[in-house]
Amino acid sequence: MATEQAGITGMQAIGAGLAIGLSALGTAWAQSKIGAAAVGAMAEDEDLFGKGLILTVIPETMVIFGLVVALIALGYI
Amino acid sequence: MVQPADMQHITITGSRTVLDDTVDTLHQLGVLHIDTYDEDHDQFTVGTPQETADTYAQLLHDLRHVTQMLPHSDATATDTEINGVQDVQDTIEEVQETVEHLRSKEERLAKEQEELQEQISLYRRIAATGVKPANIRDYDALTTHIGTVETLQPLQNLPQDRVHLNHDKNFIVFFADTALDTTDALQAAGFTPVDSTPVTASTQSLTELEQELQQVEDDLADTRAQLHAQADTHAAFLTAAQSWLRTQLEKAEAPLHFATSTRSFTAQGWIPADSVETVASTFQNRDAVHVETSSADENPPVKYDNADAVSQFEPFTDLMARPQYNEIDPTFLLAFTFPLLFGFMIGDAGYGLSSLLVFYAGKKQIPHASRVFTALMYCSAATIFFGLIFGDAFGYIIFGENSILTALTGIQLFQSIPILFHRAHHFTQVFHIAAVFGVIHVNLGLLLGMYNEYNRHGVKAALLEKGGWLLLEAAAITWYLTSAMYGLPVLAAAVTVLYLGEGVEGVVEIPSLLSNILSYLRVFGVAVAAVSLALVVNGIAQPLFAKGGIGILFGVLALLLGHTFNTFIKIMEGFLQGIRLHYVELFTKFFHGGGTAYNPFGSPSQ
């Protein structure tokens, strides 16, 4: 019984780690491309900072949902 | 406070005889944001600059040329009196002449120095092979080869008494009989010739050359010192003259914004509504000029109207965009919630103190950005406040149970001061507070957005565009509290209102509401990271202290380095995440921006 419980806890931890890790990778990949383009646009026109920032953080949703899944897997939510 | 300052459109009309006088007065008042005249009606054309404009522009150009030629001076500029354009012109000419003379002398000396250095280095290389540099001449029967070689093997066949190598065996001086064909051997050895004219052309010895170099270097240092002296002497004047010339040029070019006819001129622009009295009374008793209020089609420029404390946060709003004239100025909200977020995320009295010092230093070093640093100092104050509430200072618990101050000093008072909770032991509570703050913040944004829409397009648009989101939240709460039976109809209503108000994009963006609220969990993340970082540094120092003796010194060192490093990380994190939450999660709910900045004629140029 104890080993089964340990197995479940281990799987939970692995699941949570994968959830947050992989979604963070995806978000980072997306945001890096958008961020580079935003900085390029800002070099031409300083006023684009606001729009550039918002566009850059749009993919943030993915990692937040990953965090939620991780917390659910660990049993906090 | 909540909306930008009220603006009033005015028109100034007058006879051209008083044009200069009017421009001077307007510049002095410094409140008129001029609407540039750009149409050509029948008799009204765009005005021409005053004749003096050319002189001022030319003088500015000369001044910049002179300033560029001078080295940077650290002399502080005291207030210098400018006595008119002739005085400025004379001084600039005089300084220009001296500086140009000194600069050309400097260039010449530098070139001489370089040549001499090359010569001396070649002399030394030749001397290293054992050959006297005086023996390098143009001979009739001999060809002199001087240069670098790579391998020595192919040179074995050449007459060895004529081949001179240096100690490292990579530099050769070879006196070849002109009749002898040596090209193959030299090529095989990887010979690269070096330009020997500095040696063959001169008759000086090495010592003479070195003396000459020393002389040139002394002269060069002297000339450079003279340039620095010039820079120091004239620094104050040059700075004062530059700003004076800029002001004069601005005034001389002002008529470019006016509409003029043969004998009259008209200027239109915006002034703050509370300056109307001042402007009217200034122009009241003048004969040939008349000021009156008028109306205009375009939107007025936007001037912030905030209390002193709130106005320090205006650069943050400006970084996003200047608010439009008819929408809410979000600076007051930023000034309230940004320090709260910053303080909560760091929540440590010690780091609050150290970040306060950092921001104060920044304010002194960069006076240009003093408002930003003042705003950040408010955030530090909030951090100290939260630190005291949580009983944390540099990661050590100072108030409440297990207070380290009580352990050190024995004063029971520290242990009994009430605190909210120890963050290190109550992460779940931090989590909940972050989520609740997110809900409140986002809803504040939606409510402000509703108010903006109501101002712009009326009640129906306000309810349709922003009401849909609120209805969506109500649906979620109903579903959660009761059951699907009651939740579903509310949800259907919410989706319908969203579709009516914002179209398909509104419906597609429904998950974004959840993600925006959850985004505030980064507050929890940063708080956890902050607490952990401080604990790590303390954990490193703890065993060092326990060792005693020299360990205490190392412990203090570790604490200093660790907490300084932590301070900067926390400043960066707190600021970035806090401002990001405002810009992306809060501002997108109601802020449009894009207003024209208020830039009055006669204000100091920024």
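Just so it is clear, the model here is predicted, and its values are computed rather than measured.

S.K.: Before we go on, may I ask you to explain the overall build of chain B in this structure?
M.R.: Helix and strand counts for chain B stand at 21 helices and 12 strands. Its C-alpha atoms give chain B a radius of gyration of 38 Å, more than 25% over the compact-globule value 25 Å for 606 residues. Seen through its principal axes, chain B has C-alpha atoms that stretch 115 × 90 × 55 Å. Taking all 606 residues of chain B together, the buried fraction comes to 42%. In chain B, of all internal contacts separated by at least 6 residues, the share reaching a separation of at least 24 is 79%. Only carbon and sulfur atoms are counted for the fraction: they give 57% of the accessible area of chain B, which is about 32200 Å². Positive and negative charge centroids in chain B, built from 31 and 69 side chains respectively, lie 7 Å apart.

S.K.: What am I meant to see in the pairing of strand β1 (residues 7-15) of chain B here?
M.R.: In the case of a regular strand, side chains alternate between the two sheet surfaces. Residue and element names in this part refer to chain B. As defined by bridge partners, β1 adjoins strand β9 (residues 264-272) across nine bridges and the pair is classed as antiparallel. Its bridge partner lying in β9, Thr-11 is registered against Gln-268. Pairing of β1 with strand β10 (residues 289-294), which is carried by six bridges, proceeds in the antiparallel orientation. For Gly-14, the partnering residue across the bridge sits in β10 and is Val-289.

S.K.: What am I meant to see in the nonpolar core here?
M.R.: In summary, soluble globular proteins display a tendency toward joint burial of nonpolar side chains. Residues and elements named next belong to chain B. Counting 30 residues, the largest nonpolar core has Phe-316, Phe-338, Phe-359, Tyr-583 and Phe-587 as its most contacted members. Listing elements by their share of this core, those giving two or more residues are α9 (314-320), α10 (331-346), α11 (349-365), α12 (370-390) and α21 (550-586). Of the residues forming this core, the biggest block, six residues, is contributed by α10. Contacts of Phe-338, omitting those with residues within four sequence positions, involve Phe-313, Phe-316, Leu-333, Leu-376, Cys-379, Gly-574, Phe-575, Gly-578, Ile-579 and His-582.

S.K.: What is the right way to read the packing of aromatic side chains from this model?
M.R.: Two aromatic rings, taken as a pair, are described by how far apart their centres are and by the angle between their planes. Residue and element names in this part refer to chain B. In this structure the tally under the stated criterion is 22 aromatic pairs over all chains. On the numbers, 5.9 Å between centres and 25° between planes, the contact of Phe-258 with Phe-265 is stacked. Considered together, Phe-258 and Phe-265 belong to a single accessibility category, that of buried residues.

S.K.: Would you explain the packing of helix α16 (residues 459-481) of chain B against helix α19 (residues 510-518) of chain B in this entry?
M.R.: Residues and elements named next belong to chain B. Relative orientation of the contacting elements α16 and α19 amounts to 75°, with a least axis distance of 11 Å. Taken together, the axes of α16 and α19 are roughly perpendicular relative to one another. Together, Trp-469, Leu-472 and Glu-473 of α16 and Ile-510, Ser-512, Leu-513 and Ile-517 of α19 make up the contact between the two elements. Split into classes, the residues belonging to the contact of α16 with α19 amount to five nonpolar, one polar and one charged.

S.K.: Which parts of the structure should I look at to understand the interface of chain A and chain B?
M.R.: How big an interface is tends to be reported as the loss of accessible area on association of its parts. On the chain B side, the residues contacting the 12 residues of chain A number 14 residues. Among the residues of chain A in contact with chain B, Phe-49, Ile-54 and Ile-64 of chain A are the three that bury the most area, contributing 35% of the side total. In this assembly, chain A and chain B are joined by two salt bridges. Linking Arg-580 of chain B and Glu-60 of chain A is a salt bridge whose minimum nitrogen-to-oxygen distance equals 3.8 Å. Connecting chain A to chain B are one residue pair in polar contact (both at pLDDT 80 or more). Listing elements by their share of the side of chain A that touches chain B, those giving two or more residues are α2 (49-57) and α3 (60-74) of chain A. At seven residues, α3 of chain A tops the list of elements feeding residues into the side of chain A that touches chain B.

S.K.: Explain the pairing of strand β4 (residues 142-148) of chain B here, please?
M.R.: Residue and element names in this part refer to chain B. Two elements, β4 and strand β6 (residues 171-177), share seven bridges in a ladder whose sense is antiparallel. Within β6, the position partnered with Thr-144 by the bridge is Phe-175. Across two bridges, β4 lies against strand β7 (residues 192-193) in antiparallel orientation. Bridging from a neighbouring strand, Gly-147 pairs with Pro-193 of β7.

S.K.: What am I meant to see in the sheet that holds β7 of chain B here?
M.R.: In sheet architecture, strand pairing relies on hydrogen bonds along the backbone and comes in two forms, parallel and antiparallel. Residues and elements named next belong to chain B. Strand order in the open sheet formed by four strands is β5-β6-β4-β7, with antiparallel pairing between adjacent strands. Taken across any chain shown, the strands that pair with only one partner, and hence form the sheet edges, are β5 (163-165) and β7. Along the sheet, helix α3 (residues 85-128) makes contact with β4, β5 and β6, crossing β6 at roughly 75°.

S.K.: Looking at this structure, I do not really get a negative patch on the surface. What am I missing?
M.R.: Residue and element names in this part refer to chain B. A surface patch of negative charge is lined by Asp-38, Glu-39, Asp-40, Asp-297 and Glu-298. Of note, Asp-38 is situated in the loop between β2 (33-35) and β3 (45-46). Judged by its relative accessible area of 60%, Asp-38 falls in the exposed class.

S.K.: Just checking my understanding: could you explain α16 of chain B for this structure?
M.R.: Quick reminder: α-helices carry 3.6 residues per turn. Residues three or four places apart thus point the same way. The largest bend in α16 of chain B amounts to roughly 50° and is located at Gly-467 of chain B. Burial in α16 of chain B covers these residues: Ala-461, Ala-462, Lys-466, Gly-467, Gly-468, Trp-469, Leu-472, Glu-473 and Ala-475 of chain B.

S.K.: Would you mind going over the packing of α10 of chain B against helix α15 (residues 427-457) of chain B with me for this structure?
M.R.: Any two packed helices are characterised by how steeply their axes cross, that is the angle between the axes, and by the distance between the axes. Residue and element names in this part refer to chain B. Look at α10 against α15: their axes get within 13 Å of each other, and the N-to-C directions meet at 170°. By the angle between their directions, the pair α10 and α15 is classed as roughly antiparallel. When the axes of α10 and α15 are compared, the crossing they make is left-handed. Contacts between α10 and α15 involve Leu-333, Thr-337, Leu-341 and Phe-344 on the former and, on the latter, Val-430, Ile-433, Phe-437, His-441, Leu-444 and Leu-448. Here the residues of the contact of α10 with α15 sort into eight nonpolar, two polar and no charged.

Rules of the game
- Residues numbered from 1 in each chain as written.
- Chains lettered and ligands numbered in written order.
- Predicted model: local features only at pLDDT ≥ 70, side-chain atom pairs only at ≥ 80, totals over all residues.
- Heavy atoms only, no water.
- Helix = DSSP H or I, 4+ residues; strand = E, 2+ residues; numbered from the N terminus.
- Rg over C-alpha atoms; globule rule 2.2 N^0.38 Å.
- Buried < 20%, exposed > 50% of the residue type's maximum accessible area, 1.4 Å probe, protein only.
- Contact = heavy atoms within 4.5 Å.
- Areas by Shrake-Rupley, 256 points an atom, 1.4 Å probe, with all protein chains shown as cover.
- Lys, Arg positive; Asp, Glu negative; His and termini not counted.
- Charge placed at Lys NZ, Arg CZ, Asp CG, Glu CD.
- Pairing = 2+ DSSP bridges.
- Core = buried A, V, L, I, M, F, W, Y, C linked by side-chain atoms within 4.5 Å.
- Phe/Tyr/Trp six-rings, centres within 6.5 Å; stacked < 30°, edge-to-face > 60°.
- Axes fitted to C-alpha atoms, helices over the stretch in contact; angles between N-to-C directions.
- Parallel < 35°, antiparallel > 145°, perpendicular 65-115°, else oblique.
- Nonpolar A, V, L, I, M, F, W, Y, C, P; charged D, E, K, R; others polar.
- Buried area = accessible area lost by both parts, 1.4 Å probe.
- Salt bridge = Lys/Arg side-chain N within 4 Å of Asp/Glu carboxyl O.
- Polar contact = N/O pair within 3.5 Å; in protein donor to acceptor, adjacent residues only side chain to side chain.
- Patch = residues over 30% accessible without salt bridge, like charges linked within 9 Å, V, L, I, M, F, W, Y side chains within 5 Å.
- Bend = angle between axes of the 7 residues up to and from the residue.
- Left-handed = near helix turned anticlockwise from the far one by under 90°.

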